[in-house]
Structures are given as C-alpha cells and as structure tokens.
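Here is how the chains run, residue by residue.
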Amino acid sequence: MRFLLSLDEGTTSARAALYNEQGRRIATESAPLVCAHPNPGWVEQDAQAIWTTQLDAARRVLASKNIRPGEVAAIGITNQRETTIVWDASTGEPIAPAIVWQCRRTAEACALLAASPAADAVTRKTGLVIDAYFSASKIRWILDHVPDAQARARDGALRFGTVDTWLLWNLTNGAVHATDVSNASRTMLMNLESGDWDPELLSLFDIPRAMLPRIIPSSYTAGVADASHLGFEVPICGIAGDQQSALFGQACLRPGLSKNTYGTGCFALMHTGSHQPVSRHKLLATRAASLDASPQFAIEGSIFTAGAAIQWLRDKLILIPSAAATEAIAESASGTDGVYFVPAFVGLGAPYWDPNARATLTGVTLATEAKHVVRATLEGIAYQVRELVEAMEADSGEPLRELRVDGGAAANNFLMQFQADILGKPIVRPADAETTALGAAYLAGLACGYFPSVEAVEANWSADRTFEPRMPTSQREDLYAGWKHAVAQCRAK
Ligand code: ADP
C-alpha cells in the first residue's frame, strides 16, 4: 500500500493529510500558526515557524498511520498565496519576517502605482488589480528596509519565495528553488500569458531576477525531500496555491466549472481552460494549476468577509453560541423581515474593491429579532457570492451550470439552500470538503503515475449533497434588488 502526502500550509494552521489510491483521505494532522501585528494593518509570520510547523504536522500524520519508508509515493504542496519570504541563499536564514498576504504595509505604495501611467500595463500583463495583497510590493518593502538587501539580491545572495517555494527549498535542503505557475501568477511579477517573469515588471519594481525561483508546472517532479526530514526520501510532485488547488480538488478542470470556498472570506474561481480571461468586472485573471507547460487559466473573485461575520456574531455581539447554531436560528425565521446585513468590516472586495465601505445593517425596526439579524448575516454571504458569479459569467461569457462548494461555512445547509435559491443554480457539496489538500494530492499523484489520468481524478470526485433552487424567480430578484440597495447605503459612508 502506498500513499500520497499532502502538505496544506494555511494562514492559521499547517495541515498534513494522507490519501490512498481511491483519493480518500485516511489521516489528517494539523498544527496552529500565529500571526504578529506589529503595526496597524501589518500582518507577519515567523518564516522558520511556517516550515517547522508544517514539518511537525507531516511527521505526525506519518506516525499516526505508522508509515514506513517506501510507502509514500509523493508529496503535494498547497499554500497560503502571495505571502512573501526572502532568505539568505547560503545559510537559508530568512532576512525578515514573512509578510503575510493580508498585510497592508505597502498599501500607500500600491495606491501611488495604481495612479501612475504604468498601472494599465501591470494589470494587462498580470491579470491582477494593483493592491498590497500581491507579492511584488512586499518584496520591494523587504529590499528597501533590510540593510544591504538590494545589493545582496542583485549579487544573487538572496532568494525570494512564496510559501510553496520556501517549503520546497527546506524539504530539499536548498537544492531546489522553484515555484509553480499558479503561485507565480499571484506575485505581480509573472506575465500571465507567457508564464515567465516579465522583465518590464521586474524593472518597474526593481527586483533582481537572480532572487526569483524557477517557474514550473503544478504537476511536476520538482525535487526530492531529504531523508532527514521525514525519515526517508520522497519526491515532491505537485504544487499549487490554495485556491487553485481547491479548484483542482473539486475536479473543476474544464471551462465553466466553478467552485466557491466559504471560509473567513470567500474565494470563487471559474476555470476558463486554455483561454486567458480579461476581466472587465474587476475580477482577477489567474493561472489555474497546470499538468504540463500548456497554460490553464481561471477567473477569480474574492470577498473579504464571509464566515468572519459569523464569528463576529458569536464573539463580539454574543448573539449565537456557535457558528453551527446559525443554521437552526436562520431556519426558525421565515425571512429577515426586510433586514439586510452587508458585512463590509474591512471594505468590500470584488467586484467593488471599495476599501472605505463599512459593515451596514439596514431595514431594522422594533420588530427585528436576533434571528432576523443572524439570517441576514448568512444571506449577506450568499448575496455577495451571487455578485461574484454574475461578474464571472459576464467576464467569461460562460454561464455557470452549478457551483461546487467547500470551506467551513459550506457545512451550513441553510446557507447552501439560500445560495442555490438566490443564484437560481444548483449548489453541489462534495463528499470530501478538504478540497485544498486533495488538489495538491491529485497534482502530485498525476505527476508520479499514482493516478493514471485526469479522468481518474474526475471520476473520484463525488457529491455529498446537491441543493436545487426552489425560490420563484420574482422573489429571488426582489430580494436581490433589496441587497443592491443595502450595498449602495454601505458605500455611501
Ligand atoms: P479558513 O480556512 O478561512 O480559516 P474555514 O474554511 O476553516 O476558514 O471556515 C471557518 C469559517 O467558517 C469561520 O469564519 C466560521 O465562522 C465559519 N463557519 C464554520 N462553520 C459554520 C457553520 N456551520 N455555519 C456558518 N459558518 C460557519
């Protein structure tokens, strides 16, 4: 019996999972990871802790099943995207804390760039909206603030990596400096069309080519983990950014197939095949995980606040005992009684990109009860997802047939039914909701021959439950019009 080991390095935890030949997860271990906030809006992590926490989870999952040498066919890596690490090429020591994707320290620099004549070319070449979210401005910050860093980078003494690259470097004891194309597409330095570092972008951000990793396909033998880490050598055969990995894990491998992850925020991705999308509706064009050198694309929309609004009801308003309790509370109300909740706690993401919007509760009367607010919070997540889906359909010209879902809040049956109703499309929840880790396992398994073909991956995917739309069209559109009105109010602030 041989297994695949998936390393899923997220923002709040590092997870490791073992899969068998049927693509079934047989064991999972995780370890928490902390973020530091040394200044308002700053988010950092200890890069060494990212590596040691991930290694610890991997060792524990192997121990939990008493896995022996030769029983792991390959490793797949999936990771929090955009997070930026710079280290010394000879010692492997990070020269600064990892700057996490959420960190806003470069917001001002990005606003200046967005207002400059170079902005159009950046967006055209990368498919990205200019924002502090992506890696380029974070690398620039490190090179500007660590003494001698720019000169050392130019001399080839420093290495840059997103978290996949950092884990790969450490697993191979510094033998391999590479990243997969899906992670590279989030740096704002890769030309989306060519799949290579773009000389004009490198010069715009003044980032030396010498510090950048080699870009490889997502399903590809990148190197071999040294025996000192897991007790035996294992080839590393798959890498993808978390959202692209989830798209793969959901078997969304053909144009039009889409998934939405309901976590802290929401990330919706639609596969567009070999067709490079251009968003006219403020979504991002990105690389999907690739099996070989031929490019695969996706269109992506992100919502900053989804499940986090449920946490706010629980921890700040003390309105609910647990996130899971919202399902029964929402179902105990026949509607929201005209209440809408736009959870713009940190502004609005796609398709608005409005950092100044703030969370707004509208339509409240003396008859409003806690259950209406709870229901309006869940509905607010679903309305935001409809906005993303409409923008994706308009950009791709592909109508969405169904939406595959995952993430913590996808467990909420009320939310899923309301999502189907407000979209007017089926919502399909897969049997294994850990689609991020599964995607990396698939990518590794395909490269090492553990899985014979993409068709086998598609055949492995199975639904737990499908939520069919039941709401009459007139009611759906009336409710949605009310939502649009509430969004306008939240943006008027
Ligand atoms: P992340 O990966 O972003 O940390 P998860 O996918 O683990 O997020 O999902 C956790 C989020 O989902 C939390 O914000 C939590 O409030 C929300 N959540 C979890 N279970 C439920 C539920 N049954 N109903 C609604 N929201 C839920």
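Because the structure is predicted, anything quoted here is derived from the model rather than measured.

### Notes on the nonpolar core
Of all hydrophobic cores here, the largest spans 101 residues; its most connected members are Leu189, Met211, Tyr262 and Leu403. The next biggest cluster of nonpolar side chains, apart from the first, holds 38 residues, and it includes Leu5, Ala225, Phe232 and Val234.

### Comments concerning the site of the ligand
With respect to spatial proximity, 13 residues lie near the ligand, and among them Thr264, Gly307, Gln311, Gly408 and Asn412 are the closest. Thr264 places a polar side-chain atom, nitrogen or oxygen, 2.7 Å from an oxygen atom of the ligand. Notes on the ligand: free accessible area 580 Å², of which the protein chains cover 70%. Considering every element that reaches the shell around the ligand, the biggest residue donor is helix 11 (residues 307-315), with 4 residues. Per-class residue counts for the shell around the ligand are 5 nonpolar, 8 polar and no charged.

### Points about unusual backbone geometry
Following Ala350, the chain continues to Pro351 via a peptide bond in cis, the omega torsion being -5°. Within the element layout of this structure, Pro351 appears in the loop between strand 19 (340-342) and strand 20 (360-362). Within the chain, Asn173 stands out as a residue other than glycine whose phi angle is a positive 50°. Among the secondary structure elements, Asn173 is positioned in the loop between helix 6 (163-171) and strand 9 (178-180). Phi at Trp353 takes a positive value of approximately 50°, unusual for a residue other than glycine. Its place among the elements puts Trp353 in the loop between strand 19 and strand 20.

### Quick notes on helix 1 (residues 47-64)
Between the first and last C-alpha of helix 1 there are 26 Å, a value that for 18 residues agrees with the 26 Å anticipated at 1.5 Å per step. Buried within helix 1 we find Ala47, Ile50, Trp51, Thr53, Gln54, Leu55, Ala57, Ala58, Val61 and Leu62. Residue Asp46 occupies the N-cap position of helix 1, its side-chain oxygen lying 2.9 Å from the main-chain nitrogen of Gln48. In the stretch just after helix 1, Asn66 is the one whose phi turns positive, near 55°.

### Description of the sheet that holds strand 17 (residues 284-287)
Spatially, 7 strands are ordered 17-18-16-15-21-22-23 in an open sheet, and the strand pairing comes out mixed. Bordering the open sheet on either side are strand 17 and strand 23 (463-467), each of which pairs with just one other strand. Averaged over all pairs of adjacent strands, the angle between strand axes in this sheet comes to 30°, irrespective of strand direction. The strands touched by helix 14 (residues 413-423) within the sheet are strand 15 (258-262), strand 21 (403-406), strand 22 (427-430) and strand 23, with strand 22 carrying the most contacts at an inclination of about 145°.

### Description of the pattern of salt bridges
All chains considered together, the criterion is met by 28 salt bridges. Across the pair Glu44 and Arg105 runs a salt bridge, and its minimum N-O distance is 3.0 Å. Of the two residues, Glu44 is situated in strand 4 (residues 44-45) and Arg105 in the loop between strand 7 (98-99) and helix 2 (107-114); the sequence distance between them amounts to 61 residues. Of the charged contacts in the structure, one is a salt bridge between Glu369 and Lys371, with a shortest N-O distance of 3.9 Å. Judged by relative accessible area, Lys371 falls into the partly exposed class, the value being 25%.

### Quick notes on the sheet that holds strand 3 (residues 25-32)
In space, the 6 strands of this open sheet follow the order 3-2-1-5-14-13, with mixed pairing throughout. Here the strands that pair on one side only, and so sit at the sheet edges, are strand 3 and strand 13 (219-225). For this sheet the average axis-to-axis angle between neighbouring strands, irrespective of direction, equals 25°. With 7 bridges joining them, strand 1 (residues 3-9) and strand 5 (residues 72-79) adopt parallel strand pairing. Within the sheet, the bridge partner assigned to Glu9 lies in strand 5 and is Asn79. Against the sheet, helix 6 makes contact with strand 1, strand 5, strand 13 and strand 14 (234-241), and its axis sits at roughly 145° relative to strand 5, the strand it touches most. Its contacts with the sheet put helix 15 (residues 435-447) on strand 1, strand 2 (13-19), strand 5, strand 13 and strand 14, and the angle it makes with strand 5 is roughly 135°.

### Let's talk about the packing of helix 10 (residues 242-249) against helix 15
At their nearest, the axes of helix 10 and helix 15 sit 7 Å apart, and the two run at 75° to each other. Judged by the inter-axis angle, helix 10 sits roughly perpendicular to helix 15. Packed against helix 10, whose contacting residues are Asp242, Ser245, Ala246, Phe248 and Gly249, the element helix 15 presents Thr435, Thr436, Leu438, Gly439, Ala440, Tyr442, Leu443 and Leu446 at the interface. When grouped by side-chain class, the residues that make up the contact of helix 10 with helix 15 number 7 nonpolar, 5 polar and 1 charged.

### Some points on the state of the cysteines
Scanning the entire structure with this criterion turns up 0 disulfides. Cysteine Cys35 remains unbridged, with the sulfur of Cys103 as its closest cysteine sulfur at 9.9 Å. Here Cys35 falls in the partly exposed class, since its relative accessible area comes to 26%.

### A short note on helix 10
Burial within helix 10 is extensive, with 8 of its 8 residues counted as buried. Looking only at helix 10, the buried set comprises Asp242, Gln243, Gln244, Ser245, Ala246, Leu247, Phe248 and Gly249. Residue Ala251 follows helix 10 closely and has a positive phi angle near 55°.

### A closer look at the pairing of strand 3
Bridge count for strand 2 against strand 3 is 7 bridges, and the pairing is antiparallel. Paired with Tyr19 across the bridge in strand 3 is Arg25.

### So, the side chain of Lys425
For Lys425, the location among the structural elements is in the loop between helix 14 and strand 22. Using a relative accessible area of 16% as the deciding quantity, one classes Lys425 as buried. Here Leu400 takes part through its backbone oxygen, which lies 3.0 Å from a polar atom of the side chain of Lys425. With residues up to four places along the chain from it excluded, the contact list for Lys425 reads Glu393, Leu400, Arg401, Ala420, Phe467 and Pro469.

Calculation criteria
Residues numbered from 1 in each chain as written. Predicted model: local features only at pLDDT ≥ 70, side-chain atom pairs only at ≥ 80, totals over all residues. Heavy atoms only, no water. Core = buried A, V, L, I, M, F, W, Y, C linked by side-chain atoms within 4.5 Å. Buried < 20%, exposed > 50% of the residue type's maximum accessible area, 1.4 Å probe, protein only. Near = heavy atom within 4 Å. Polar contact = N/O pair within 3.5 Å; in protein donor to acceptor, adjacent residues only side chain to side chain. Areas by Shrake-Rupley, 256 points an atom, 1.4 Å probe, with all protein chains shown as cover. Helix = DSSP H or I, 4+ residues; strand = E, 2+ residues; numbered from the N terminus. Nonpolar A, V, L, I, M, F, W, Y, C, P; charged D, E, K, R; others polar. Expected span 1.5 Å × (residues − 1). Pairing = 2+ DSSP bridges. Axes fitted to C-alpha atoms, helices over the stretch in contact; angles between N-to-C directions. Contact = heavy atoms within 4.5 Å. Salt bridge = Lys/Arg side-chain N within 4 Å of Asp/Glu carboxyl O. Parallel < 35°, antiparallel > 145°, perpendicular 65-115°, else oblique. Disulfide = S-S within 2.5 Å.

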